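This is what each chain is made of:
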Amino acid sequence: MITQTFTTVVSLLLAPAVLAQGVMVNLPPGVITSAGDQDGDGRSDVLLAQPGGQNGSGSVAIHSSLTGQLLRTWTGQIGDDFGAAAISAGDLDGDGRDEIAIGIPGYSQIGAQNSRVELYSGASGALVRTLVGQPPDMFGRRLANLGDVDLDGVDDLAVAGLATSMGTTVPVRI
């Protein structure tokens, strides 16, 4: 499914006249955004996230913007909403590759919901850090790369959940 989606996106990017004519394309719900340069070719690559994707477990994939080649894939657990939000978090470790932040607001462990955001290395794809929310905030439902807000030379990440009822506030961590 991810590969088919990417092919459709690339086709649309290569055919702007079709978009101008208002042609509708049936893409699955999810996120399509820049992944930063993941393969070192000097071009920003494409991040595709599909929460709840195949068999109810979400997935996030990175494709080369030059060749369309699948560079990396991460997959969640059934029902955890893996990939509800996914972004390039900027180069957090100074290796020249943007890390990837993936929201998992439905993550649960031993019966308790511990919504989270996982940060993956842009160079190796390995999990490098986990940020954990407090139930029932759905932490990781929204992510934003804020740039270098505190001027320490490293991009800053904002993470938010969802309000549980009307009139409640949504916690945001930076």
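Because the structure is predicted, anything quoted here is derived from the model rather than measured.

A. Structural context of the overall build of the chain. Of regular secondary structure, the chain possesses two helices and 13 strands. A total of 174 residues make up the chain; the buried ones form 40% of that total. The long-range share in the chain, meaning contacts at least 24 apart out of those at least 6 apart in sequence, stands at 36%. Carbon and sulfur atoms form 55% of the exposed surface of the chain, whose accessible area is close to 9200 Å².

B. Structural context of the sheet that holds strand β5 (residues 85–90). With respect to topology, four strands assemble into an open sheet ordered β5-β6-β9-β10, the strand pairing being antiparallel. Across the chains shown, the open sheet's two edge strands, defined by having one partner strand only, are β5 and β10 (127–132). Averaged over all neighbouring strand pairs, the angle between strand axes comes to 20 degrees, with direction disregarded.

C. Fine view of the packing of aromatic side chains. By the definition in use, this model includes one aromatic pair. Ring geometry for Trp74 against Tyr120: centres 5.0 Å apart, planes inclined by 35 degrees, an arrangement best described as tilted. Within this pair, whereas Trp74 is found in strand β4 (residues 70–78), its partner Tyr120 is found in strand β9 (residues 116–120), the two being separated by 46 residues in sequence. A relative accessible area of 8% means that Trp74 is categorised as buried. Judged by its relative accessible area of 9%, Tyr120 falls in the buried class. The lysine or arginine in question, Arg116, covers the ring of Tyr107, its NZ or CZ lying 4.0 Å from the ring centre.

D. Spotlight on the sheet that holds strand β3 (residues 57–63). In space, the four strands of this open sheet follow the order β1-β2-β3-β4, with antiparallel pairing throughout. Edge positions in the sheet fall to β1 (31–36) and β4, since each has one partner strand and no second. Sheet twist, expressed as the mean angle between neighbouring strand axes with direction ignored, is 20 degrees. Sheet analysis places β3 next to β4, joined by six bridges and oriented antiparallel. The partner of Val60 across the bridge, within β4, is Trp74.

What counts and what doesn't
- Residues numbered from 1 in each chain as written.
- Predicted model: local features only at pLDDT ≥ 70, side-chain atom pairs only at ≥ 80, totals over all residues.
- Heavy atoms only, no water.
- Helix = DSSP H or I, 4+ residues; strand = E, 2+ residues; numbered from the N terminus.
- Buried < 20%, exposed > 50% of the residue type's maximum accessible area, 1.4 Å probe, protein only.
- Contact = heavy atoms within 4.5 Å.
- Areas by Shrake-Rupley, 256 points an atom, 1.4 Å probe, with all protein chains shown as cover.
- Pairing = 2+ DSSP bridges.
- Axes fitted to C-alpha atoms, helices over the stretch in contact; angles between N-to-C directions.
- Phe/Tyr/Trp six-rings, centres within 6.5 Å; stacked < 30°, edge-to-face > 60°.
- Lys NZ or Arg CZ within 6 Å of the ring centre and 35° of its normal.

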